[in-house]
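One-letter residues, chain by chain:
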Amino acid sequence: MENHIVIIGSGFAARQLVKSLRRLDKAVPITLVAADSCAEYNKPDLSHVFSLKQRAEDLTRQTVAQFAQEHDVHVYANTHVMAIDRQTKQLICDKQSIGYQKLVIATGATPMIPVIPENDLMITLNSQEEYQRHQETLQSAKRVMVLGAGLIGSELAMDLQRSGKHVILVDRAHHILSLLMPAELSSRLSEKFSQIGIELALNNELLDLQKTVTGLKATLRNGWVTDVDAVISAIGLKPNISLAKAAGLSTHRGIEVNPQLQTTDANIYALGDCAEVMGKVQSFLQPIQLGAIVLAKNVLGATETLTLPAMLVKVKTPDLPLFLAGETHRHDLQWQITLNPDGMVAKGFDPLKQLRAFITSEEQTPQAFMLLRELTH
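Parameters and conventions
- Residues numbered from 1 in each chain as written.
- Predicted model: local features only at pLDDT ≥ 70, side-chain atom pairs only at ≥ 80, totals over all residues.
- Heavy atoms only, no water.
- UniProt positions renumbered as here; feature names shortened; annotations may be inferred.
- Helix = DSSP H or I, 4+ residues; strand = E, 2+ residues; numbered from the N terminus.
- Salt bridge = Lys/Arg side-chain N within 4 Å of Asp/Glu carboxyl O.
- Buried < 20%, exposed > 50% of the residue type's maximum accessible area, 1.4 Å probe, protein only.
- Contact = heavy atoms within 4.5 Å.
- Axes fitted to C-alpha atoms, helices over the stretch in contact; angles between N-to-C directions.
- Parallel < 35°, antiparallel > 145°, perpendicular 65-115°, else oblique.
- Left-handed = near helix turned anticlockwise from the far one by under 90°.
- Phe/Tyr/Trp six-rings, centres within 6.5 Å; stacked < 30°, edge-to-face > 60°.
- Lys NZ or Arg CZ within 6 Å of the ring centre and 35° of its normal.
- Disulfide = S-S within 2.5 Å.

Caption draft 1: Inspection of the UniProt feature "domain: FAD/NAD(P)-binding" (unreviewed entry) in the protein chain at higher detail. Taken from the UniProt record, the annotation "domain: FAD/NAD(P)-binding" (unreviewed entry) applies to residues 4-282. Counting secondary structure, residues 4-282 comes out at 23% helix and 29% strand; the distance between its end C-alpha atoms is 27 Å.

Structure representation (structure tokens):
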């Protein structure tokens, strides 16, 4: 088929690309192939399912049939792609082979799990289907251990606590959100966690997990042994690159693509959590949205380049919301911090006195939109 576009994946990246393509071309043939049910849901909503008492099915925004009809897309749901045959331009699937002219890999990323004995007892919560598998255990749990005090782990910890559960938040780092900001800037959220009853086990890690008659017994590096009902691993995501790697495409942490989101095969592109764009994996929603707009044009014949503006990141911890942007992880920044009873504004300046990053909290978060325009990038 002329200009037949095939997309592997059904997540946010894949759907944004379909929508962008349809805005440009109502007739080009599009096929979606994915291992899951292809139901549409908003993944960030997983950070609030416990306090809102939602079940997995409550997250569904659109069924696969509705999506396929609305966007005139042929969908192969619950179909596993076993290999990419670049010579014949075909996907070798568990049920059939599917030909393509242009291929987009949007396979996302898989949650990482600590390499310890009995790690199969841990739960990951990176998709609607994962939540569906574990919702009975998680909703009935009274004591939950969350591994990883980064963006997702911190959001989950607060939501679990707000739903009435006792939460233990564990991280190897000395402070929460360690990859996003210095300790003095995350201390306000740490204090809030302690105030509302979240137990922090920082500079620590889970070493052993055992099943007991009533639940799980967890042993931490500092020797602390505690009983919990569930352990959630939120220590990070690993891009799904196995298909691309087996097909001989260039991979590193993710599937390597150029600024046009093209892999080392001119007919194959990558988008979303699995893609490494000029050395960086961009897993936030905004770069994926912008990437989908550029990629839609490119698979239809253009050669547009993806350029990303400074982007605002929201830490969805309702009792103490945080907005941040810029190079908050840089170690050479001088921070100017203004603290008020109603929130914080922190500005990070480089040695040339240029604003490179900022963090706002609570009632001061509206300032983030003005500061975003002032960032040097």
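Caption draft 2: Main features of the pattern of salt bridges. Across all of its chains, the model carries 16 salt bridges by this definition. Note that R86 is salt-bridged to D265, the shortest N-O span being 2.8 Å. Separated by 179 residues along the polypeptide, R86 in the loop between β6 (81-85) and β7 (90-93) and D265 in the loop between β19 (255-257) and β20 (268-270) bring together distant segments of the chain. Residue D265 is classed as buried on the basis of its relative accessible area, which comes to 10%. Of the charged contacts in the structure, one is a salt bridge between E327 and R330, with a shortest N-O distance of 3.0 Å. For E327, a relative accessible area of 29% translates into the label partly exposed. Residue classification places R330 among the partly exposed positions, given a relative accessible area of 22%. Overlapping salt bridges, with partners in common, bring together E327, R330, D332, D350 and R356 in one network.

Caption draft 3: Spotlight on the side chain of R22. By secondary structure assignment, the location of R22 is in helix α1 (residues 12-24). Residue contacts for R22: discarding those within four places in its chain leaves A27, V28, I30, H71 and D72.

Caption draft 4: Layout of the packing of α1 against helix α7 (residues 285-299). Direction vectors running N to C along α1 and α7 enclose 45 degrees, while the axes themselves pass 8 Å from each other. Considering the angle they form, α1 stands oblique to α7. When the axes of α1 and α7 are compared, the crossing they make is right-handed. Where α1 abuts α7, its residues F12, A13, Q16, L17, S20, L21 and L24 lie against L285, I288, Q289, A292, I293, L295, A296, K297 and V299.

Caption draft 5: Examining the packing of aromatic side chains more closely. Here the structure, examined in full by the defined rule, presents two aromatic pairs. Between the aromatic rings of F50 and Y131, the centroid separation amounts to 6.0 Å while the plane-to-plane angle is 80 degrees, which identifies the pairing as edge-to-face. Highlighted residues: F50 in the loop between β3 (40-41) and β4 (60-62) and Y131 in helix α3 (residues 128-140), separated in sequence by 81 residues. Under the relative-accessibility criterion, F50 is labelled buried at 1%. Relative to F369, the ring of F323 lies with its centre 6.0 Å away and its plane at 90 degrees, an arrangement referred to as edge-to-face. Here F323, found in strand β24 (residues 322-326), pairs with F369, found in helix α8 (residues 367-374); they are 46 residues apart in sequence, far enough to count as distant. Classification of F323 by relative accessible area gives buried; the value is 12%. In this structure, R15 packs its charged tip against the face of F67, placed 4.3 Å from the ring centre.

Caption draft 6: Spatial organisation of the state of the cysteines. The tally for this structure, following the rule as stated, stands at zero disulfides. Its sulfur unpaired, C93 is 12 Å from the next cysteine sulfur, which belongs to C38. You can see C274 has no disulfide; the closest cysteine sulfur is in C38, sitting 15 Å from it. Accessibility expressed as a relative area gives 0% for C274, which makes it buried.

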